[in-house]
Amino acid sequence: MAKPSRRARPPAAAPKPPSPPPPRWIIGWVVLLGPLSLILFLSLFGDLPWLAAKSSRGAAGEAGKLVAYGRERLREGNLQEAYQVFQSALRIDPQHAEAYGMLGQTCYAARDMGNAAHYLRQAVALDPPQKDLYLNNLGILYAQQGKLDTALVMFQAALSTGIKEAEVYRNIALLHRARGDTAAALTAYRAAVDHRSDVRRLYLEMLRRAEGEYRQDPETREQHRQILEALERGVRDEDLERYDRESFEAQLKASPETARHFTELAEFQQIAGDLGGALATLAQALAWNPGSTDLRLKRVALLQQAGRLEEARAEAEIAFRQDPSSEAARQTLNQVNATLAARNR
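Anyway, here's the lowdown on the structure attached to this text. Everything quoted here is computed from the prediction, not taken from an experiment. (Residues numbered from 1 in each chain as written. Predicted model: local features only at pLDDT ≥ 70, side-chain atom pairs only at ≥ 80, totals over all residues. Heavy atoms only, no water.)

This part is about the packing of aromatic side chains. Here the structure, examined in full by the defined rule, presents 2 aromatic pairs. Look at Y83 and Y119: their rings are 6.5 Å apart centre to centre, the planes differ by 70°, and that puts the pair in the edge-to-face class. Of this pair, Y83 sits in helix α2 (residues 79-92) while Y119 sits in helix α4 (residues 113-125), and the two are 36 residues apart along the sequence. The residues Y83 and Y119 share a single accessibility class, namely buried. (Phe/Tyr/Trp six-rings, centres within 6.5 Å; stacked < 30°, edge-to-face > 60°. Helix = DSSP H or I, 4+ residues; strand = E, 2+ residues; numbered from the N terminus. Buried < 20%, exposed > 50% of the residue type's maximum accessible area, 1.4 Å probe, protein only.)

Its identity as a non-glycine residue notwithstanding, R111 has a phi of 65°, on the positive side. Positive phi, close to 55°, is recorded for D127, a residue that is not glycine. Looking at the element boundaries, D127 is found in the loop between α4 and α5 (131-144). Relative accessible area serves as the criterion here: at 51%, D127 is assigned to the exposed category.

Turning our eyes to something else, we now look at the packing of α4 against α5. As a packed pair, α4 and α5 sit with axes 9 Å apart at the nearest point and diverge in direction by 155°. With respect to each other, α4 and α5 are oriented roughly antiparallel. Crossing geometry of α4 relative to α5 is assigned as left-handed. Along the contact surface, α4 presents M113, A116, A117, L120, R121, A123 and V124, while α5 presents K131, Y134, L135, N137, L138, L141, Y142 and Q144. For the contact of α4 with α5, a count of residues per class yields 11 nonpolar, 2 polar and 2 charged. (Axes fitted to C-alpha atoms, helices over the stretch in contact; angles between N-to-C directions. Parallel < 35°, antiparallel > 145°, perpendicular 65-115°, else oblique. Left-handed = near helix turned anticlockwise from the far one by under 90°. Contact = heavy atoms within 4.5 Å. Nonpolar A, V, L, I, M, F, W, Y, C, P; charged D, E, K, R; others polar.)

Below, the structure written as structure tokens:
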């Protein structure tokens, strides 16, 4: 397939200047893209000249190739061309949920929140495997517009899919923090920890990604059918037997995402005045991943705040033994020792 020209036709009318960016109190937009430039968003494009009529047999595959190409343009910050390419994909396959979802992402990057919500609702209406992603992002859009009740409904609907629950709970926690509801925020932060990724969830996410890829290719129709059946019945123990679960668990324990759920809960417990709860959370985090120097140093800081200097020194010594090259661990141990020496004079 020939690549489309990067030239886009000029708009029929002068575009409006971009509006200022929305509040950034919610940061859980679920995408796999790098940072996007804020550039002028042009909403009127002509047809791509190379778009020929496609047979129904090849439509899904061609639309999928367009979406992949548009995603790269979006990753580069070329919102104008990305928008054009995603629209072209929909002219080939009007039921392509990912094209609608990526249009929503494009509009969001351009700070066109009305159209972003419109396209995300279109994606949700097609009931795709990635529906949780679109519902989560809709919740963020509504939250940024101050429609917190509607945002909460979207987040709760996203939870019903059983995918990326920890990320959605995190957004719910941020929403309750914006409302000043400390108890509800703590409950949601705790739920994010309790629903952190595990092997079963990773397997389910893998199936969903494969469904999206295989759906576009007529040559993988049988594999796509089998994936849909697996998604329908859910993950079984025998499905996981072929994988090295210990390696998966080790990767999860070392992931920054998993640690973040623990640390954010501990930080908010500290803010809420529950220092004991924060210490218990970090102890739980270290039981999950005892090799994390960063988690251990965070616990040292809380132990110092609580005046439990002997325990703080013990934790700092472990951190330094685990990573002698860590300047943070060395400085922390020296600082705790200095504090203890001054107290014992």
